[in-house]
Amino acid sequence: SLHDALPILAVPMLPPEIQRDPVLVDFVKARGSLARYLIGVSNGALVLGAAGFLKGRRATTSYNSLNLLAELGVSEVVSAEGVVVDGKVFTSGPGVGSFEAALLVAAEVFGSEAAELAELVIEYRPEPPFGTGNAKIAPPPLVTQFQRIMSGIVAQYRENVQRNTKH
């Protein structure tokens, strides 16, 4: 019923073994259809996709999982810094993306003044100390090392996506 609706459903970055749980996907599908706003942070966006909320939308996720979004029906995969907003769906990469998505939704729900105050309260002002927080600007050998480290977990995410698109 509508009184059970969550006004905002946020799906954080999850390890593959939790992401593949059909109870989680069913929960996101049921509750997400009632939510006013959906947030998918990092690979949490893959769960939104498995629940059917990314079909025909623009979206992003973590760098290593961008190519999985097309398999979930995303119309435009955005390799971007920050948050991609398409209707009620807010997707982002990991790290500061969760803060940024939350602040953007707060502006939608409570107005920009409240979101600006929240930004001040949490003293949100990221200043990366090394400037390597994005595959577009990190040195290629570091990106290769990152891809190698993540390859096993990305293979598990791919398996989950393929399993979810068959149902």
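Up top you'll find the structure we're talking about.
These remarks concern the structure in this document. All figures in this text were calculated on a predicted structure; none of them were measured in a lab.

Here we come to the pattern of salt bridges. Counted by the stated rule, this structure contains 4 salt bridges. For the salt bridge of Glu127 with Arg125, the shortest nitrogen-to-oxygen distance reads 3.1 Å. By relative accessible area, which is 52% here, Glu127 ends up exposed. In this structure, Glu159 engages Arg163 in a salt bridge whose closest nitrogen and oxygen atoms are separated by 3.1 Å. Here Glu159 and its partner Arg163 are both found in helix α6 (residues 140-165), 4 residues apart, which amounts to about one turn of the helix. Taking relative accessible area as the criterion, Glu159 reaches 42% and is therefore assigned partly exposed.

On the surface, a nonpolar cluster with roughly 580 Å² of combined accessible area is contributed by Val96, Phe99, Leu117, Leu120, Val121 and Ile122. Here the nonpolar patch takes 3 residues from helix α5 (residues 112-121), the largest share from any one element. Turning to its location among the elements, Ile122 is positioned in the loop between α5 and α6. Using a relative accessible area of 43% as the deciding quantity, one classes Ile122 as partly exposed.

Thresholds, definitions, all that
Residues numbered from 1 in each chain as written. Predicted model: local features only at pLDDT ≥ 70, side-chain atom pairs only at ≥ 80, totals over all residues. Heavy atoms only, no water. Salt bridge = Lys/Arg side-chain N within 4 Å of Asp/Glu carboxyl O. Buried < 20%, exposed > 50% of the residue type's maximum accessible area, 1.4 Å probe, protein only. Helix = DSSP H or I, 4+ residues; strand = E, 2+ residues; numbered from the N terminus. Patch = residues over 30% accessible without salt bridge, like charges linked within 9 Å, V, L, I, M, F, W, Y side chains within 5 Å. Areas by Shrake-Rupley, 256 points an atom, 1.4 Å probe, with all protein chains shown as cover.

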